[in-house]
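# Analysis of the macromolecular model
So the chains spell out like this:
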Amino acid sequence: MSEYSLRIESLSKAYFNDTESSIILKNINLSVRKNEFLCILGPSGCGKTTLLRCIAGFEEHTGQIYVNDSLCTVPGMDRIMVFQDFNQLFPWKTVLQNILFPLKRKGINSTAERKEIAREALSKVKLSDYESYYPHQLSGGMKQRVAIAKALALKPDIILMDEPFAALDAMTRRELQNEMLTISQEESSTIIFVTHNIQEALILGTRNIVLQKGGEIILDEENSLTKPVTPNSEGYGAAWQRLRDAIYLSC
Ligand SMILES: Nc1ncnc2c1ncn2[C@@H]1O[C@H](COP(=O)(O)OP(=O)(O)O)[C@@H](O)[C@H]1O
Ligand SMILES: [Mg+2]
């Protein structure tokens, strides 16, 4: 079996309307190793969400996407997406039921087993005491934790995260970053994480890429800073500057 959980070959994506087409992603080639935490940065509108949506199987495109060497053309439980939007849970289901539901769809038929998996995932995001709450009774940060637990419970090959912490206040964001760091070090899923925030990428990522407007990768580098990363970490300033320059160069 390949060392890569994801391989993207010659991926291009255009949107068409009645009169014209616009190319969003152009000839993307990218391989992501198992267990890598890949952060994708880039200016607004450069195609980060579109790239995640292609990987998730939500968008038609040209080129090939392989997950664990299998060609992916449609959505599947091997790739689970976590969105920025707080409203990604079923409002009529409790926290526990929200996590149980996709486990049933995955084919785990034993109720006891589903509950055990769901509760284990809830404990990883520190929400064990809230399993009977409904989404409207949770803060934004707690809703994002449930969305992460839902993804973890499914044990996908790849978790796709589209600016999941962007709408949170600064303190909650730091808390969730810390938890995500711990989770990512303990879980076997590969994580692909879109963020606008360079500091967030340096704290979480093991590798960072910058997408240019027009959808080409203009920087691709390992994040060699020793975790936990703070602005005082050796090499932080230089790494921050490289990413910033690449993002601004592409604006
Ligand atoms: N469904 C769509 N139809 C047409 N254009 C779209 C659609 N979705 C996104 N786009 C365009 O594709 C470009 C990239 O969007 P997106 O991937 O959301 O960027 P990012 O996540 O980097 O901000 C934008 O110019 C956006 O307007
Ligand atoms: Mg986006």
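Counting restarts for each chain, with residues numbered from 1 along the sequence as it is written. Chains and ligands are labelled sequentially in the order written, the chains with letters from A and the ligands with numbers from 1. Selection of residues for local features in this predicted model requires a pLDDT of at least 70, selection of side-chain atom pairs for listing and counting requires 80 or more, and totals for whole chains, interfaces and linings are taken over all residues. Heavy atoms from the whole structure form the basis of all side-chain values; hydrogens and water molecules are not counted.

## A look at the state of the cysteines
Condition: Defined by distance alone, a disulfide is two cysteine sulfur atoms within 2.5 Å.
Under the counting rule described, the total for this entry stands at zero disulfides. Just so you know, Cys39 is unpaired, no disulfide at all, and the nearest cysteine sulfur is the one on Cys46, 14 Å from it. Free of any disulfide, Cys72 has its nearest neighbouring cysteine sulfur in Cys54, separated by 12 Å.

## Some words on the side chain of Asn223
Here is the rule we go by: Every helix listed is a DSSP run of H or I at least four residues long, and every strand listed is a run of E at least two residues long, numbered separately from the N terminus. We call a residue buried when its accessible area falls under 20% of the maximum for its residue type, exposed when it is over 50%, and partly exposed in between, using a 1.4 Å probe and counting protein chains only. Contacts described as polar in this section are N or O atom pairs within 3.5 Å, which, within protein, must combine one atom able to donate a hydrogen with one able to accept it, while residues neighboring in sequence count only if both atoms come from side chains.
Position of Asn223 relative to the elements: it lies in the loop between strand S10 (217–222) and helix H7 (236–249). Using a relative accessible area of 10% as the deciding quantity, one classes Asn223 as buried. From its side chain, Asn223 meets the backbone oxygen of Leu202 in a polar contact 2.9 Å long. At a separation of 2.9 Å, a polar atom in the side chain of Asn223 contacts the main-chain carbonyl oxygen of Gly205.

## Some thoughts on the domain arrangement of the protein chain
Just so we agree on the cut-off: Either an automatic procedure or a domain database provided the assignment from which the domain bounds are taken. Only heavy atoms enter the contact rule, under which two residues are in contact if any of them lie within 4.5 Å. Here a salt bridge means any side-chain nitrogen of Lys or Arg lying within 4 Å of a carboxyl oxygen belonging to Asp or Glu. Amino acids outside the nonpolar list (Ala, Val, Leu, Ile, Met, Phe, Trp, Tyr, Cys, Pro) and the charged list (Asp, Glu, Lys, Arg) are all regarded as polar, and Gly is one of them.
Domain annotation for the protein chain reports domain 1 (4–78 + 157–250) and domain 2 (89–155). The straight-line distance from the C-alpha centre of domain 1 to that of domain 2 is 25 Å. Across the boundary between the two partners, domain 1 contributes 15 residues, which contact 15 residues of domain 2. In this assembly, domain 1 and domain 2 are joined by three salt bridges. With its nearest N and O atoms 2.8 Å apart, the salt bridge here joins Glu179 to Arg145. Only strand S7 (158–162) and helix H5 (170–186) provide two or more residues apiece to the side of domain 1 that touches domain 2. Looking at the side of domain 1 that touches domain 2, the element that brings in the most residues is H5, giving six residues. Of the residues assigned to the side of domain 1 that touches domain 2, the class counts are nine nonpolar, two polar and four charged.

## Structural notes on the pattern of salt bridges
Side chains carrying opposite charge are able to pair once their charged atoms draw close together. Overall, the coordinates contain 18 salt bridges when judged by the stated rule. For Glu187, the salt bridge goes to Lys124, with nearest N and O atoms at 2.8 Å. Linking Glu187 in the loop between H5 and strand S8 (190–194) with Lys124 in helix H3 (residues 111–124), this pair joins segments that are 63 residues apart in sequence. For Glu187, a relative accessible area of 14% corresponds to the buried category. One salt bridge in this structure joins Glu175 and Arg145, with 3.2 Å as the shortest N-O distance. One end of the pair, Glu175, is in helix H5; the other, Arg145, is in helix H4 (residues 140–153), and 30 residues separate them in sequence. Among the charged side chains, a salt-bridge network with shared partners connects Arg33, Glu36, Arg207, Asp220 and Glu222.

## Points about the side chain of Glu36
Note on placement: Glu36 falls in the loop between strand S2 (21–33) and strand S3 (37–41). The class for Glu36 is buried, based on a relative accessible area of 4%. There is a polar contact of 2.9 Å between the side chain of Glu36 and the backbone nitrogen of Arg33. Polar contacts involving the side chain of Glu36 include one to the side chain of Arg207, which spans 3.1 Å. Setting aside residues up to four positions removed in sequence, Glu36 forms contacts with Ser31, Thr190, Ile191, Thr206, Arg207 and Glu222.

## Some points on H3
The following threshold applies: Every helix has an expected span of 1.5 Å times one less than the residues it contains.
Compared with the 20 Å implied by 1.5 Å per residue over 14 residues, the 20 Å span of H3 between its first and last C-alpha is a close match. Positioned one or two residues after H3, Lys126 has a phi angle of 60 degrees, which is positive.

## With respect to helix H1 (residues 48–56)
Here H1 lies mainly inside the structure; seven of its nine residues are buried. Taken as a whole, H1 has its buried residues at Lys48, Thr50, Leu51, Leu52, Cys54, Ile55 and Ala56. Within two residues after H1, Gly57 carries a phi angle of roughly 90 degrees, on the positive side.

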